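Residue-level listing of the chains:
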Amino acid sequence: MAAIIQLQPITDVPDHRRASAAPRDPVFYQNPYAFYDVLHGQDPSFFWDEYGHWCFAGFKQVSALLRDKRFGRDILHIKSREELGMPQPKPHTQAFDTTEQYSLLNLEQPAHTRLRNLVNRAFVSRHVEQLRPRIVRLANEMIDSFEGEDSVDLIKAFAAPIPAIVIAEMIGLPAEMAPQLLGWSNRMVAMYMFGVTLETELDADQAAQEFMDYLATVIAERRKNPREDLLTHMLTAEINGEKLTDAEVMSTTILLLNAGHEATVHTTGNGVKSILESGLDPASLFATEEQTAATIEECLRFDAPLHMFTRYALSDMDYEGISLRQGDVVGLMLGAANRDPARFAQANTFDPFRTDGANVSFGAGIHFCIGAPLARIELQVAFSELFKRLPRLKLADAPRYNNVYHFHGLEQLQVSWR
Ligand code: HEM
């Protein structure tokens with residue numbers, strides 16, 4: 001169920017409520033904020049022609065919809081595929097679908113609560129806070145490895161390895177596996193692109209199969225030799241006398257590995273770009289712990305790494321004058337909500353000293369990002385170490401975003417520091 005798609009066409013939309021932007025048009029995905037400005041100026045609750053469903057760009061609506069129990073990530077617990085007109089799973093994406101079957105992100109209560117409670121303990125602030133010294137060491141090792149050069153692609157050399165190694169080690173996989181995990185993850189994430197091709201599906205499915213084969217070996221080994229890691233915890237913990245199945249452990253591990261680095265990598269790239277383009281003095285942005293935290297929140301708000309998540313309407317309803325049928329999809333535009341001028345003063349200005357920064361980049365409600373405390377620590381450490389070691393950091397080339405609208409992150413961030 002990679003992408004949630006509108007099943008029954010919606011046909012009776014008046015022209016004045018429609019808006020159009022092609023998700024794969026470089027002009028759009030390089031700067032979606034121009035489109036968002038128009039929406040905020042006209043009607044932030046609109047029908048997006050290319051997606052064929054209703055979308056919400058206003059902060060108030062996005063924030064409320066994320067918490068609204070009348071909407072869900074899944075709908076198959078309420079109606080069958082046949083009743084919904086949902087196509088059957090494709091045989092050639094079987095491995096990929098298996099990895100998603102018990103993904104927290106796709107489950108609803110009570111299955112969601114059971115699984116989430118089990119892993120939650122590992123991600124609470126006081127637990128992940130203990131990782132801070134390890135993240136400081138990692139950030140410095142990365143900087144050591146490229147400091148002697150004239151310029152570097154910061155995404156590859158710094159942003160990508162840190163969160164990948166941290167989440168791999170937390171789960172209990174060796175740091176040397178991080179590049180391989182990144183490779184599998186990138187190939188699987190391509191399934192969330194707008195207009196996925198057969199080639200992408202086949203490649204994502206192969207990556208999913210390789211990922212599962214690898215994990216099956218590690219799980220077998222860990223059953224014989226338990227350790228102090230999250231994988232062992234997932235294999236041995238009991239909830240109401242019940243243990244997780246191998247399939248549940250595998251889905252959760254893959255979700256944690258994929259979700260655990262992708263958005264953090266993009267926030268690092270987008271945030272460094274925002275800081276360098278702002279002309280602000282980095283020393284002032286990381287002068288104290290409080291200011292460092294505020295700067296990271298502003299990076300998350302100003303150029304969010306995840307721009308749209310979707311939900312199904314679980315029943316027929318009227319939502320703010322829009323009539324929705326059971327099974328209709330709504331798009332919640334996190335990146336646009338964070339730039340809503342009705343919520344943020346000078347919404348289009350990068351201002352790490354603002355006091356109205358609370359944003360929706362980590363979502364809200366039952367699916368609120370479980371990794372938010374960890375991501376915040378990773379980002380605070382990575383940014384402060386980077387600007388402390390390389391205070392003259394500057395852009396060496398114009399940054400370019402990837403061609404995946406939902407995952408708004410840079411393909412490359414070439415920087416120099418002399
Ligand atoms: C800057 C970094 C990150 C951002 C912006 C981010 C954002 C999000 C968002 C918006 C959601 C909710 C999606 C929805 O409601 O449909 C989410 C869920 C999730 N995130 Fe993150 N995330 C980040 C880092 C992480 C990290 C480091 C981890 C793991 C270690 C992680 C693991 C998860 C998981 C497991 C879920 C699903 C939770 C559930 O469904 O209960 N994320 N994230």
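The structure we're discussing is the one just above.
Values in this document were obtained by computation on a predicted structure and should not be read as measured data.

### A look at the pairing of strand 11 (residues 329-332)
Taken residue by residue, a regular strand's side chains alternate between the two faces of the sheet. Side-chain alternation along strand 11 places Val 329 and Gly 331 on one buried face and Val 330 and Leu 332 on a second face that is also buried. Of the pairings in the sheet, the one linking strand 3 (residues 53-56) to strand 11 comprises 3 bridges and is parallel in character. By the bridge assignment, Phe 56 is partnered in strand 11 with Leu 332. Bridge analysis of strand 8 (residues 309-313) against strand 11 gives 4 bridges, and the strand direction is antiparallel. If you follow Arg 311 over to strand 11, its bridge partner there is Val 330.

### A short note on the packing of helix 5 (residues 94-101) against helix 12 (residues 198-224)
To characterise two packed helices, one gives the angle between the axes of the helices and the distance between these axes. Helix 12 packs onto helix 5 with a crossing angle of 60° between their chain directions and a minimal axis gap of 7 Å. Classed by the angle they form, the pair helix 5 and helix 12 counts as oblique. Handedness of the helix 5/helix 12 crossing: left-handed. Residues Gln 94, Ala 95, Phe 96, Thr 98 and Thr 99 of helix 5 lie in contact with helix 12, whose contacting residues are Ala 204, Asp 205, Ala 208, Gln 209 and Met 212. When its residues are assigned to classes, the contact of helix 5 with helix 12 shows 5 nonpolar, 4 polar and 1 charged.

### Considering the coordination of the iron atom of the ligand
Six octahedral donors around a metal ideally make angles of 90 or 180 degrees; four tetrahedral donors ideally make 109.5 degrees. Among protein residues, the single donor to the iron atom of the ligand is Cys 369 (SG), with a metal-donor distance of 2.3 Å. With respect to the secondary-structure elements, Cys 369 resides in the loop between helix 17 (334-337) and helix 18 (372-389).

### A short note on the pattern of salt bridges
For the structure shown, the criterion picks out 25 salt bridges. Between Arg 17 and Asp 43 there is a salt bridge, with the nearest N and O atoms lying 3.0 Å from each other. One end of the pair, Arg 17, is in the segment before strand 1 (18-19); the other, Asp 43, is in the loop between helix 2 (33-41) and strand 2 (45-48), with 26 residues separating them in the sequence. For Arg 17, a relative accessible area of 18% translates into the label buried. On the accessibility criterion, Asp 43 (24% relative accessible area) is partly exposed. Residue Arg 132 pairs with Glu 129 through a salt bridge whose shortest N-O separation is 2.5 Å. For Glu 129, a relative accessible area of 37% corresponds to the partly exposed category. Taken together, the shared-partner salt bridges connect Glu 298, Arg 301, Arg 354 and Asp 356 into one network.

### Points about the sheet that holds strand 11
Read from one edge to the other, the open sheet built from 6 strands follows the order 1-2-3-11-8-4, with strand pairing classed as mixed. Across the chains shown, the open sheet's two edge strands, defined by having one partner strand only, are strand 1 and strand 4 (71-72). As judged from the 2 bridges shared by strand 1 and strand 2, these two strands associate in the parallel manner. Opposite Ala 19, over in strand 2, you have Trp 48 as the bridge partner.

### Structural notes on the site of the ligand
Contacts to the ligand come from 30 residues, most closely from His 112, Arg 116, Arg 311, His 367 and Cys 369. Leu 104 is positioned such that a nitrogen or oxygen atom in its backbone is 3.4 Å from an oxygen atom of the ligand. With respect to the ligand, the side chain of Arg 311 contributes an N or O atom lying 2.7 Å from an oxygen atom. Elements that contribute at least two residues to the shell around the ligand include exactly helix 6 (111-123), helix 14 (246-278), strand 8 and helix 18. Looking at the shell around the ligand, the element that brings in the most residues is helix 14, giving 7 residues. Residue classes in the shell around the ligand are distributed as 19 nonpolar, 8 polar and 3 charged.

### What about helix 8 (residues 132-146)?
The end-to-end C-alpha distance of helix 8, which contains 15 residues, comes to 22 Å, matching closely the 21 Å that a straight helix rising 1.5 Å per residue would cover. Of the surrounding elements, those touching the buried residues of helix 8 are strand 5 (151-153), helix 9 (154-159), helix 10 (161-171) and helix 18.

### A word on the packing of helix 6 against helix 14
As a packed pair, helix 6 and helix 14 sit with axes 12 Å apart at the nearest point and diverge in direction by 50°. The orientation of helix 6 with respect to helix 14, classified from their angle, is oblique. Pair helix 6 / helix 14 crosses with right-handed handedness. Together, Arg 114, Leu 115, Val 119 and Phe 123 of helix 6 and Glu 248, Thr 252 and Leu 256 of helix 14 make up the contact between the two elements. Broken down by class, the residue content of the contact of helix 6 with helix 14 amounts to 4 nonpolar, 1 polar and 2 charged.

Thresholds applied
Residues numbered from 1 in each chain as written. Predicted model: local features only at pLDDT ≥ 70, side-chain atom pairs only at ≥ 80, totals over all residues. Heavy atoms only, no water. Buried < 20%, exposed > 50% of the residue type's maximum accessible area, 1.4 Å probe, protein only. Helix = DSSP H or I, 4+ residues; strand = E, 2+ residues; numbered from the N terminus. Pairing = 2+ DSSP bridges. Axes fitted to C-alpha atoms, helices over the stretch in contact; angles between N-to-C directions. Parallel < 35°, antiparallel > 145°, perpendicular 65-115°, else oblique. Left-handed = near helix turned anticlockwise from the far one by under 90°. Contact = heavy atoms within 4.5 Å. Nonpolar A, V, L, I, M, F, W, Y, C, P; charged D, E, K, R; others polar. Donors = N, O, S within 2.8 Å, 3.2 Å for Na, K, Ca; no water. Salt bridge = Lys/Arg side-chain N within 4 Å of Asp/Glu carboxyl O. Near = heavy atom within 4 Å. Polar contact = N/O pair within 3.5 Å; in protein donor to acceptor, adjacent residues only side chain to side chain. Expected span 1.5 Å × (residues − 1).

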